[in-house]
Amino acid sequence: MKIISNFNHCLKLAVSPLLLLILFLLPACNGPSSDAPIGTVLGRDQVNDASKPLPNEAPPDTSNGNPNSGENSSTRLGDSCHTSDPAHLCLSLKYVVYENLQAKAIVSGQEALQNLALINKTWLQCNIGFEIGEYLSVDPQKYGLSFNTSSMSELSQIRSEFDDNSTLLVVTTGAWSGSLGAGAANAWTTMPGGGTYGAILEEPVGNYPNIIAHELGHYLNLSHVSDTSDVMNPVIYQGSTQLTTNQCEMARSAASYYWKTMLR
Ligand SMILES: [Zn+2]
């Protein structure tokens, strides 16, 4: 489904160098302004599956036997989300960002921590927190990946390359191109139980914490809802920050069921 938004206009214009001048005339391209109304579209996403009821059986093994797992020493970026509150759930993220041609990370460690602070503010409603268990800035070419991800199969390749059994994977790639860039989505996430997991977003929305908070909602088995003020609305607005009691219950169950090894 196509959504018309300022943001998607930006993505389309961005591919034509002849229209670069126009980009300067479109403030929406520069990111969300702090006083934007709820109606400002930040982006939208797609999931690979729908949420499922939790079965009464042992949780699935989320390990994929990835030989790269643990290859990089796991160094946490920033504070742990672990607290003394036994009801608080603290989940560890692997925050992977691509490096551009100048070998500069497209989301710096500091920006990642700023994003995390806002993500945690949103998820505090459910007494769930996240920490960056590992921040990894990578040259995609060294992994046989292109900077501008262009297809669904490459999204699968990214997940297979970076997922492990102890962190939830969030990857920020370069702006999407090809069939992926032609679509309306700015992010794709695999729902739990839907195969190799991982949330992947493109650079233009890489510093939009609302979108990352939304993708983490999919990780926690939440589907889309139609309330624009809700985190899980499929079109993500600046004001899409609310979570209901039911969503919190579902997310907390999913965290304990699917992502036990990611809890800290
Ligand atoms: Zn979504």
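Fair warning: this is a prediction, and the values are worked out from it, not measured in the lab. Counting starts from 1 at the beginning of each chain's written sequence and moves along it residue by residue. Where totals are concerned, whole chains, interfaces and linings use all residues; where local detail is concerned, this predicted model gives features only for residues with pLDDT of at least 70, and gives and counts side-chain atom pairs only at 80 or more.

### Considering the overall build of the protein
Next, step 1: Runs of E in the DSSP output that reach at least two residues are strands. Runs of H or I that reach at least four are helices, and both are numbered from the N terminus. When you go through the protein residue by residue, the secondary structure sums to 7 helices and 7 strands.
Next, step 2: When its helices and strands are written in sequence order, the protein yields α-α-β-β-α-β-α-β-α-β-β-α-β-α.
Next, step 3: The proportion of buried residues among the 264 residues of the protein is 39%.
Next, step 4: The contact rule is simple: place each C-beta atom from the backbone, and if two of them lie within 7 Å, those residues are in contact. Looking at the protein alone, contacts between residues at least 24 apart form 76% of all its contacts between residues at least 6 apart. Exposed residues have 12 or fewer other C-beta atoms within 10 Å of their own C-beta, buried residues have 20 or more, and partly exposed residues fall in between, where C-beta atoms are placed from the backbone.

### What about the pairing of strand E3 (residues 128-138)?
Next, step 1: Here E3 lies mainly inside the structure; 8 of its 11 residues are buried.
Next, step 2: Following DSSP output, two strands are said to pair if at least two bridges run between them. Bridging between strand E2 (residues 89-98) and E3 involves 10 bridges; their strand directions are parallel. Note on E3: the bridge partner recorded for Val96 is Leu136.
Next, step 3: For the crossover from E2 across helix H3 (residues 109-123) to E3, the handedness is right-handed. The handedness rule is simple: strands pointing away from the viewer, and a clockwise path from the first strand over the helix to the second, make the crossover right-handed.

### A short note on the packing of H3 against helix H6 (residues 209-219)
Next, step 1: Here H3 crosses H6 at 55 degrees, and the two axes come no closer than 9 Å. Looking at the two axes, H3 sits oblique to H6. Remark: the crossing between H3 and H6 carries right-handed chirality. Across from Asn115, Leu118, Ile119, Thr122 and Trp123 in H3, the residues of H6 making contact are Pro209, Ile212, Ala213 and Leu216.
Next, step 2: Three classes are used: nonpolar for Ala, Val, Leu, Ile, Met, Phe, Trp, Tyr, Cys and Pro, charged for Asp, Glu, Lys and Arg, and polar for all others, with Gly counted as polar. Partitioning the contact of H3 with H6 into residue classes produces 7 nonpolar, 2 polar and no charged. Lines are fitted to the C-alpha atoms to define the axes, a helix being fitted only along its stretch in contact, and any angle between axes, read from their N-to-C directions, falls within 0 to 180 degrees. When an angle is under 35 degrees it counts as roughly parallel; over 145 it counts as roughly antiparallel; between 65 and 115 it counts as roughly perpendicular; any other value is oblique. Note on convention: the crossing is left-handed when the near helix lies turned anticlockwise from the far helix by less than a right angle, right-handed when the turn is clockwise.

### Topic: helix H7 (residues 245-258)
Next, step 1: Helix span is expected to be 1.5 Å times the residue number reduced by one. For H7, which comprises 14 residues, the first-to-last C-alpha distance of 20 Å matches the rise-based estimate of 20 Å (1.5 Å per residue) to within 8%.
Next, step 2: Every buried residue belonging to H7 is among Gln247, Met250, Ala251, Ala254, Ala255 and Tyr258, and all of these are buried. Here the buried residues of H7 occupy an arc of 135 degrees about the axis, which is enough to place them on one side. Residues of H7 that are exposed and angled more than 90 degrees away from the buried face: Thr245, Asn246 and Glu249. Throughout, the arc means that of the directions going from the helix axis to the C-beta atoms.

### Some thoughts on helix H4 (residues 152-162)
Next, step 1: Buried within H4 we find Glu154, Leu155, Ile158, Arg159 and Phe162. In an axial view of H4, the angular spread of the buried residues amounts to 145 degrees, which keeps them on one side of the axis.

### Comments concerning unusual backbone geometry
Next, step 1: Located in the positive-phi region is Asn127, a residue other than glycine, with phi close to 55 degrees.
Next, step 2: Relative to the elements of secondary structure, Asn127 occurs in the loop between H3 and E3.
Next, step 3: Residue class for Asn127 comes out partly exposed when judged on the 15 C-beta atoms lying within 10 Å of it.
Next, step 4: Phi is positive for Asn221, close to 70 degrees, though the residue is something other than glycine.

### So, the pairing of E2
Next, step 1: A large share of E2 lies buried, amounting to 9 of its 10 residues.
Next, step 2: Sheet topology places E2 next to strand E4 (residues 168-173); 5 bridges connect them, and they run parallel. Bridging across to E4, Val96 finds its partner in Val171.

### Regarding the environment of Cys81
Next, step 1: Mapped onto the elements of the fold, Cys81 is located in the loop between strand E1 (41-47) and E2.
Next, step 2: For Cys81, a count of 23 C-beta atoms within 10 Å translates into the label buried.
Next, step 3: Along the primary structure Cys81 and Leu91 are separated by 10 residues, whereas in three dimensions their C-alpha atoms are 7.5 Å apart.
Next, step 4: Once you skip the residues sitting within four places of it in the chain, Cys81 turns out to touch Cys90, Asn120, Gly129, Phe130, Glu131 and Arg264.

### Some words on the environment of Ser229
Next, step 1: Along the chain, the position of Ser229 falls in the loop between H6 and strand E7 (235-237).
Next, step 2: Through-space distance from the C-alpha of Ser229 to that of Gln242 is 5.9 Å; in sequence the pair is 13 residues apart.

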